[in-house]
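Spelled out from the first residue to the last, the chains are:
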Amino acid sequence: ADNGYKLWLGYSKVTGRQLTDTYRQQLRYLIFPAASVQLNAARAELLTGLNAMLDLKPAEVKDIKGGQTVVVGTPQSLKALAITVPDSIGKEGYLIKKTLINKNQCILIVGNTDVGVLYGVFNFLKLIQTHRSINELNIADRPRLMYRVLDHWDNLNRTVERGYAGSSIWNWHKLPDIIDQRYIDYARANASVGINGSVVNNVNADALILSHEYLLKIKALADVFRTYGIRIYLSVKFSSPIELGGLKTADPLDPEVKKWWADKADEIYRYIPDFGGFLVKANSEGQPGPQRYGRSHADGANMLADALGPHHGIVMWRAFVYDNKVPDDRFKQAYNEFKPLDGKFEDNVIIQVKNGPIDFQPREPFHPLFGAMPNTPLMMEFQLTQEYLGFSTHLVYEAPLFAECLQADTYRYGKGTTVSRIIKGDFNRKLITGMTGVANIGSDLNWCGHPFAQANWYAFGRLAWNPDQSPANIAADWLRMTFNNDESFLSPVKKIMLQSRENTVNYMAPLGLHHIMGQSTHYGPGPWVDNAGRPDWNATYYHRADSVGVGFDRTNKGSDALAQYAPEVEANWGNLKSCPDEYLLWFHHLSWTYKMRSGRTLWDDVVWHYYAGVESVKQMGGAWDKLRGKTDPERFAEVKQLMALQLKEATTWRDACVLYFQTFSKMPIGPGYPKPE
Ligand code: GCU
């Protein structure tokens, strides 16, 4: 076994005579002229996949042999056949269909561009990987978002901020001379799900990344990525003109500063003509930014946008800003700073907003900026690396978390204004749209640490392609491609995946509790943290437990953060009658004896959730045990051990939290619950 190195591109042999025969019959011949690097890569992928899955080497022909030929390319590469491709699938879309060309039936995989063909090929291979019928085919697909980007929080010394799967895969020391096979496989995996951008360095950026030496290394990576339709981006430090350029200031309105950035952009594009642009974390968590000079986020972003604009690059400017010197509820700060800047950004700026207002907690309400900036493109930022979800030791399939946010209704343009529609730009005439995922990738043999963490990378790509896909379908595809197509394996494991995030919410932070994890590591429980050095890093700041009750009052009697949402959302979450249990303690401070929907008191319900969370991890372990022999023994054993560890840690979370909150509630843990360990 490859122990997971091949990700979902293992191309396992198709079993079953009938299935194999119908595939082989229809794929006997190939017409695939490949004059570009991208088409070549697509062709190589197709041949690798067919050979591995079906022992098949289609013969290359000039003329279609009816019913037995696959035809792949663009209208240009297939000139002789006079193929037409509709404009509606755009630059990156593809068609996979059964059709007649010169009266001969064939399977056609086409796009308007080479990269569209590449996506088409990967999706055709997926049909075979997942054992779908190819007897009738009529698929037309295109991405709903333009920028589908992974953010690596990788440092130049190869440590990875919040990375739990080894060290950075970028070997800066050996670049640009040594091109690790991993870079190629990384790019293949991304292309297979439609990811078309990669920010290779940490948002807490080192100015050195823009030095001549590093730009040569970046160019080497860009050359690999380009083959797979991926553009490279860099996180930049706002003060680079000082650190790298020797200027006295980084004031965005200073002419010398502007010139420094414009020259730097020119230099980058000399090496990398399709360079994607910059990602910027400014004036947050100690990072420099325009506010240091009394300028706004818009001043800062626009200055960089002007430098990149002539080269068609973009600026992804992060809205993750907070500051303990601002005395208001941290929840509110991004909205307070960015909302007034709506419409003030250049056309090639997109504001990158985390899914929730605090920081990738196990459950957060959607960020109030979504829908609140009609004249500014907003890009979704999800976190794939499990900073607050048990690192790479806990099995947490994150697609349900992503979908919960994407399908949340902002009501900003009436009912049905989901976050998904906001980020797709349905209500915005500006053209930039995007989604980004903080990568969970490292040098571990299996890339992501936990075998199931790969599913989060995969699911991110699928949702960035089309944010409205269902987590269940994505899980099923991933399982089929990564493990096998055996129903008796698929159905229990899919169930495990789909429940896993809620389990984790239950044993970590149920009922809207948030930010109660261990200080600085963000691993393990820490609801008692009250001396983190600044108030907004204390757990007590968020849960506000006292002898009366628990929770953060964000109604108009409290911090009034709810006023940042549309009136419908504010009314829904602000009212105890309608606020769902999941968000209760995000918005309300309630007494321990408050009567919940379940009929239990709040205290009993808190206890119930923590115990249910642990119980479900036990059940998950039991379900996995039954699957011995249904997958390779290596991954089976690895997952089994991880689940045992997860159970231990879930129990620690439960006991620590329940016992801690009990010091306030002074109420007993109900009968029937085992004693905390
Ligand atoms: C979190 C995380 C930091 C990270 C920051 C960010 O706060 O703990 O390590 O730098 O998010 O998104 O910028």
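Residues numbered from 1 in each chain as written. Predicted model: local features only at pLDDT ≥ 70, side-chain atom pairs only at ≥ 80, totals over all residues. Heavy atoms only, no water.

Concerning the overall build of the protein
Here is step 1: Each helix and strand in the protein was counted, giving 19 helices and 16 strands.
Here is step 2: The C-alpha atoms of the protein give 26 Å as radius of gyration, which agrees with the globular expectation for 677 residues (26 Å, within 12%).
Here is step 3: Viewed in the frame of its principal axes, the protein has a C-alpha envelope of about 80 × 65 × 50 Å.
Here is step 4: For the protein, the proportion of contacts with a sequence separation of at least 24, taken over those separated by at least 6, is 73%.
Here is step 5: Total accessible area on the protein is roughly 25,100 Å²; 51% of this is exposed by carbon and sulfur atoms.
Here is step 6: Across the protein, the 74 positively charged side chains and the 71 negatively charged ones have centroids separated by 5 Å. (Helix = DSSP H or I, 4+ residues; strand = E, 2+ residues; numbered from the N terminus. Rg over C-alpha atoms; globule rule 2.2 N^0.38 Å. Contact = heavy atoms within 4.5 Å. Areas by Shrake-Rupley, 256 points an atom, 1.4 Å probe, with all protein chains shown as cover. Lys, Arg positive; Asp, Glu negative; His and termini not counted. Charge placed at Lys NZ, Arg CZ, Asp CG, Glu CD.)

As for the sheet that holds strand S4 (residues 94-101)
Here is step 1: Pairing in this open sheet of six strands is mixed, and the strands run S2-S1-S3-S5-S4-S6 from one edge to the other. The sheet is open, and its two borders are formed by strand S2 (59-60) and strand S6 (138-141), each paired with just one other strand. (Pairing = 2+ DSSP bridges.)

Describing the pattern of salt bridges
A side chain with one charge may pair with a side chain of the opposite charge, provided their charged atoms come close.
Here is step 1: Taken as a whole, this structure holds 36 salt bridges when the rule is applied.
Here is step 2: The salt bridge involving Asp 55 is made with Lys 13; its shortest N-O contact spans 3.6 Å. In this pair, Asp 55 sits in the loop between helix H2 (37-54) and S2 while Lys 13 sits in the segment before helix H1 (17-26), placing the two residues 42 residues apart along the sequence.
Here is step 3: Residue Lys 13 is classed as partly exposed on the basis of its relative accessible area of 47%.
Here is step 4: Between Asp 477 and Arg 132 there is a salt bridge; the shortest N-O distance is 3.1 Å. Of this pair, Asp 477 sits in helix H13 (residues 471-482) while Arg 132 is found in the loop between helix H3 (114-129) and S6, placing the two residues 345 residues apart along the sequence.
Here is step 5: With a relative accessible area of 6%, Asp 477 lands in the buried category.
Here is step 6: Several salt bridges converge on common partners, so that one network encompasses Lys 126, Arg 132, Arg 462 and Asp 477. (Salt bridge = Lys/Arg side-chain N within 4 Å of Asp/Glu carboxyl O. Buried < 20%, exposed > 50% of the residue type's maximum accessible area, 1.4 Å probe, protein only.)

Points about the packing of aromatic side chains
Here is step 1: Applying the stated criterion across every chain yields a total of 45 aromatic pairs.
Here is step 2: Between the aromatic rings of Phe 331 and Tyr 565, the centroid separation amounts to 6.3 Å while the plane-to-plane angle is 75°, which identifies the pairing as edge-to-face. One end of the pair, Phe 331, is in the loop between strand S11 (314-318) and helix H9 (333-338); the other, Tyr 565, is in the loop between strand S15 (549-550) and helix H16 (567-574), with 234 residues separating them in the sequence. Judged on exposure class, the residue Phe 331 and its partner Tyr 565 are both buried. (Phe/Tyr/Trp six-rings, centres within 6.5 Å; stacked < 30°, edge-to-face > 60°.)

So, the state of the cysteines
Here is step 1: The final tally for this structure, using the stated rule, is zero disulfides.
Here is step 2: For Cys 405, which is in no disulfide, the shortest distance to another cysteine sulfur is to Cys 579 and amounts to 16 Å. (Disulfide = S-S within 2.5 Å.)

Brief notes about the environment of Ser 296
Here is step 1: With respect to the helices, strands and loops of the structure, Ser 296 is situated in the loop between strand S10 (277-280) and helix H8 (297-308).
Here is step 2: For the pair Ser 296 and Ala 34, spaced 262 residues apart in sequence, the C-alpha separation works out to 49 Å.
Here is step 3: What Ser 296 contacts, discounting residues up to four positions off in sequence, is Pro 290 and Leu 341.
Here is step 4: Within the structure, Ser 296 has its side chain in polar contact with the backbone nitrogen of Ala 298 (distance 3.2 Å). (Polar contact = N/O pair within 3.5 Å; in protein donor to acceptor, adjacent residues only side chain to side chain.)

Brief notes about the packing of helix H12 (residues 454-465) against H13
Here is step 1: Relative orientation of the contacting elements H12 and H13 amounts to 130°, with a least axis distance of 10 Å. As summarised for this structure, H12 and H13 are arranged oblique, according to the angle between their axes. In this structure, the crossing between H12 and H13 has a hand that is right-handed. Contacts from Gln 454, Ala 455, Tyr 458, Ala 459, Arg 462 and Leu 463 of H12 reach H13 at Ile 474, Asp 477, Trp 478, Met 481 and Thr 482.
Here is step 2: Classifying every residue of the contact of H12 with H13 gives seven nonpolar, two polar and two charged. (Axes fitted to C-alpha atoms, helices over the stretch in contact; angles between N-to-C directions. Parallel < 35°, antiparallel > 145°, perpendicular 65-115°, else oblique. Left-handed = near helix turned anticlockwise from the far one by under 90°. Nonpolar A, V, L, I, M, F, W, Y, C, P; charged D, E, K, R; others polar.)

Some words on the layout of surface pockets
Here is step 1: Looking at the largest pocket, its volume works out to about 600 Å³.
Here is step 2: Taken together, 21 residues form the lining of the largest pocket, with Lys 91, Glu 92, Val 115, Met 146 and Asn 196 sitting closest to its centre.
Here is step 3: Counting only elements with at least two residues in the lining of the largest pocket, the list comes to strand S7 (147-151) and strand S9 (231-235).
Here is step 4: Classifying every residue of the lining of the largest pocket by side-chain character gives eight nonpolar, five polar and eight charged.
Here is step 5: Taken domain by domain, the makeup of the lining of the largest pocket includes at least three residues from each of domain 1 (17-141) and domain 2 (147-472). (1 Å grid on protein atoms, 1.4 Å probe; cavity = no way out; pocket = protein on both sides within 12 Å on 5 of 7 lines; lining within 4 Å. Points joined across faces, edges and corners; volume = space filled by probe spheres on them. Domains from an automatic or database assignment.)

Quick look at the site of the ligand
Here is step 1: With respect to spatial proximity, 14 residues lie near the ligand, and among them Glu 161, Lys 281, Arg 318, Lys 354 and Glu 387 are the closest.
Here is step 2: A distance of 3.0 Å separates an oxygen atom of the ligand from a polar atom in the side chain of Asn 204.
Here is step 3: Lys 354 is positioned with one of its side-chain polar atoms (N or O) 2.7 Å from an oxygen atom of the ligand.
Here is step 4: For the ligand, whose free accessible area comes to 310 Å², the fraction covered by protein is 97%.
Here is step 5: The class makeup of the residues in the shell around the ligand is four nonpolar, two polar and eight charged. (Near = heavy atom within 4 Å.)

Some remarks on the domain arrangement of the protein
Here is step 1: In terms of domains, the protein is made up of domain 1 (17-141), domain 2 (147-472) and domain 3 (506-552 + 589-665).
Here is step 2: One C-alpha centre belongs to domain 1, the other to domain 3, and the line joining them spans 49 Å.

So, empty space enclosed by the protein
Here is step 1: Taken as a whole, this structure holds six cavities of 30 Å³ or more when the rule is applied.
Here is step 2: Around the largest cavity, the lining comprises 15 residues; the ones closest to its centre are Met 373, Thr 376, Leu 378, Ile 422 and Asn 428.
Here is step 3: Partitioning the lining of the largest cavity into residue classes produces nine nonpolar, five polar and one charged.

Structural notes on the nonpolar core
Here is step 1: Core analysis: the biggest nonpolar cluster contains 215 residues, and Leu 27, Phe 124, Trp 317, Trp 457 and Phe 661 have the highest contact counts within it.
Here is step 2: Once you skip the residues sitting within four places of it in the chain, Leu 27 turns out to touch Leu 50, Leu 54, Leu 56, Pro 58, Gln 68, Val 70, Ile 107, Phe 124, Ile 128 and Ile 134.
Here is step 3: Membership of the second largest hydrophobic core comes to 13 residues, among which are Leu 78, Val 85, Ile 101 and Leu 108. (Core = buried A, V, L, I, M, F, W, Y, C linked by side-chain atoms within 4.5 Å.)

Some thoughts on the sheet that holds strand S12 (residues 349-354)
Here is step 1: The sheet built from eight strands closes into a barrel, its strands ordered S7-S8-S9-S10-S11-S12-S13-S14 with parallel pairing. Strand-to-strand twist of the sheet, defined as the mean angle between neighbouring strand axes without regard to direction, takes the value 25°.
Here is step 2: The pairing of S11 with S12 spans four bridges and is classified as parallel. Within S12, the residue paired with Val 315 across the bridge is Val 349.

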